[in-house]
Amino acid sequence: MVNGSASARVPGACDQCPVRTLALYWAIGEGPPAATAEAISGLKRGHRLLPARRTIYREGETSDEMFTLFDGWAFRFKVLPDGRWQILSFLLPGDTISLHLLRFDRLHFSVQSLTAVSLCIFDRASLADYVRARPALERRVETFCARETAAADERLADLGRRSAQERAARLVLHLLARLRQGSAVQGQSFEFPLRQQHIADALGLTSVHVSRVFHALRADGLVAVERNRLTILDPRALMKTAGIRQSDLDAETLYSPTAS
């Protein structure tokens, strides 16, 4: 995985792709893996490399292309009339950008690269036909939608009722659970390219407040952040701060695309 100043990895052959099992078009029960890889390779138009802070989609625009994020981080966001941002979610390797284009012509949000990213490019109409023709993939799309709905409900509760420290702890644990699905976690440590402003825009806080919250988490011995890497030092205490039980954290896989 890349940080903000590094180059993203270039996608290789589909049958060797390290994030293929996380992508929406890879489903158990749709034939041998080799045949699935061959079919996806036939749908793929190529790849695109983008630097950090580059707009991938702009709210309201139409697009004939759909992307799977192969490497790097991105995020979905809304821009308010006065220029303020609300980050809706962070996108990680294996995520489709954006799933909504399988059903709708336009997006109600924008997407931007947070780090340098590499994207696998698909023709939107061809990929939609491919998914519709395969019941297992249709169920997989439903799983993605269920995951997004559940995540949106949690974000609403975060913004409406949870404290700043609870929000920050929950964000860290949510990223941990998602990155584990892609084998991007070493012990309790993972790449963490988020800056204070990203976290502030995602959690409805000011950048100064985010600084104070993470200072408190570090002072309490819960997390350490160094060189774009976050390490959870006391998982049990962090879960208590977040109001999350281990069973809740394990249940993140319920909304994982790999669970379909």
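The structure we're discussing is the one just above.
Here the structure is a predicted model, which is why all the values come from computation and not from measurement.

A. Spatial organisation of the overall build of the chain. Counting secondary structure elements, the chain contains eight helices and eleven strands. Once the C-alpha set of the chain is aligned to its principal axes, its extents read approximately 50 × 40 × 35 Å. A total of 260 residues make up the chain; the buried ones form 47% of that total. Carbon together with sulfur atoms contributes 49% to the accessible area of the chain, which is approximately 12700 Å² in total. Of the side chains in the chain, 34 bear a positive and 28 a negative charge, and the two mean positions are spaced by 3 Å.

B. Local environment of the pattern of salt bridges. Inspection of every chain in the model, using the stated rule, returns 17 salt bridges. For Asp95, the salt bridge identified is with Arg178, shortest N-O distance 2.4 Å. With a gap of 83 residues between them, Asp95 in the loop between strand S5 (85-91) and strand S6 (96-97) and Arg178 in helix H4 (residues 164-181) connect regions that are remote in the sequence. The partner of Asp105 in a salt bridge is Arg124, and the shortest N-O contact between them spans 2.7 Å. Here the residue Asp105 occupies a position in the loop between S6 and strand S7 (110-113), and Arg124 occupies one in helix H2 (residues 124-132), the gap between them amounting to 19 residues. Look at Arg124 and you get buried, because its relative accessible area is 16%. Three or more residues are tied together by salt bridges with common partners; here these are Arg45, Arg48, Glu65 and Asp123.

C. Spotlight on the sheet that holds strand S3 (residues 65-71). Strand order across the open sheet formed by four strands is S1-S8-S3-S6, with antiparallel pairing between neighbours. Whereas interior strands pair on both sides, the edge strands pair on one side only; in this sheet they are strand S1 (44-50) and S6. The sheet strands contacting helix H1 (residues 33-43) are S1 and strand S8 (117-123), and the helix crosses S1 at an angle near 70 degrees. Against the sheet, H2 touches S3 and S8, its axis set at about 75 degrees to S8.

D. The side chain of Arg167, seen in detail. Relative to the helices and strands, Arg167 resides in helix H4. Although Arg167 lies buried, it forms no salt bridge, and the closest oppositely charged side chain, Asp158, sits 6.3 Å away as judged by the N-O distance. Among the polar contacts made by the side chain of Arg167, one reaches the main-chain carbonyl oxygen of Asp158 at a distance of 3.0 Å. Look past the residues within four positions of Arg167 in its chain and what remains in contact with it is Asp158, Leu159, Arg162, Leu203, Gly204 and Leu205.

E. Quick peek at the environment of Pro193. With respect to the helices and strands, the residue Pro193 is situated in the loop between strand S9 (189-191) and helix H5 (196-203). Judged by relative accessible area, which is 5%, Pro193 ranks as buried. Separated by 121 residues in sequence, Pro193 and Gly72 have C-alpha atoms that sit 9.4 Å apart. Each residue touching Pro193, except ones within four places of it in the same chain, is listed here: Trp73, Leu114, Thr115, His198 and Asn228.

F. Region of interest: the packing of H2 against helix H3 (residues 135-161). Here H2 crosses H3 at 105 degrees, and the two axes come no closer than 6 Å. Accordingly, the angle class assigned to the pair H2 and H3 is roughly perpendicular. Packed against H2, whose contacting residues are Tyr130, Val131 and Arg132, the element H3 presents Leu137, Glu138 and Val141 at the interface. The residue inventory of the contact of H2 with H3, partitioned by class, reads four nonpolar, no polar and two charged.

G. Region of the structure containing the packing of aromatic side chains. Following the criterion strictly, the structure yields seven aromatic pairs and no others. Here the aromatic rings of Tyr25 and Phe122 are separated by 5.1 Å at their centres, their planes lie at 50 degrees, and the arrangement is tilted. Highlighted residues: Tyr25 in the segment before H1 and Phe122 in strand S8, separated in sequence by 97 residues. We note that Tyr25, like Phe122, is buried.

H. Region of the structure containing the packing of H4 against helix H6 (residues 207-219). Viewed as axis vectors pointing N to C, H4 and H6 meet at an angle of 70 degrees, and their least axial separation amounts to 10 Å. The angle between H4 and H6 falls in the class roughly perpendicular. Contact with H4, carried on its side by Ala164, Gln165, Ala168 and Val172, involves His209, Val213, Phe214, Ala216 and Leu217 of H6 and no other residues of that element. Residue classes in the contact of H4 with H6 are distributed as seven nonpolar, two polar and no charged.

Conventions we followed
- Throughout this document, residue positions are counted from 1 along each chain, in the order its sequence is written.
- In keeping with the model being predicted, local features are shown solely for residues with a pLDDT of at least 70 and side-chain atom pairs are shown and tallied solely at 80 or more, while totals for entire chains, interfaces and linings include all residues.
- Side-chain metrics rest on all non-hydrogen atoms present in the structure, leaving aside hydrogens and water.
- Where helices and strands are cited, they refer to DSSP runs of H or I of at least four residues and of E of at least two residues respectively, numbered from the N terminus.
- For each residue, the accessible area found with a 1.4 Å probe, counting protein chains only, is set against the maximum for its type, and the residue is called buried under 20%, exposed over 50%, and partly exposed in between.
- All accessible areas in this document rest on Shrake-Rupley with a 1.4 Å probe, and a residue is counted as covered only by the protein chains that are shown.
- In summary, the charge assignment counts Lys and Arg as positive and Asp and Glu as negative, without counting His or the chain termini.
- A charge is said to be at NZ when it belongs to Lys, at CZ for Arg, at CG for Asp and at CD for Glu.
- The term salt bridge refers to a side-chain nitrogen of Lys or Arg lying within 4 Å of a carboxyl oxygen of Asp or Glu.
- Only when DSSP finds a minimum of two bridges between them are two strands counted as paired.
- Contact definition: two residues touch when any of their heavy atoms are within 4.5 Å.
- Where helices are involved, their axes are fitted lines through C-alpha atoms of the stretch in contact, as for all axes, and angles between N-to-C directions lie from 0 to 180°.
- Here a polar contact means two N or O atoms within 3.5 Å. Within protein one must be a hydrogen donor candidate and the other an acceptor candidate, and residues neighboring in sequence count only if both atoms are side-chain atoms.
- Reported orientations rely on four angle classes, namely roughly parallel under 35 degrees, roughly antiparallel over 145, roughly perpendicular from 65 to 115, and oblique for the rest.
- Any residue outside Ala, Val, Leu, Ile, Met, Phe, Trp, Tyr, Cys, Pro, Asp, Glu, Lys and Arg is labelled polar, Gly included; the first ten of those are nonpolar and the last four are charged.
- The rule is short: rings of Phe, Tyr and Trp, with Trp giving its six-membered ring, pair when the centres are within 6.5 Å, and they are stacked under 30 degrees, edge-to-face over 60, tilted in between.

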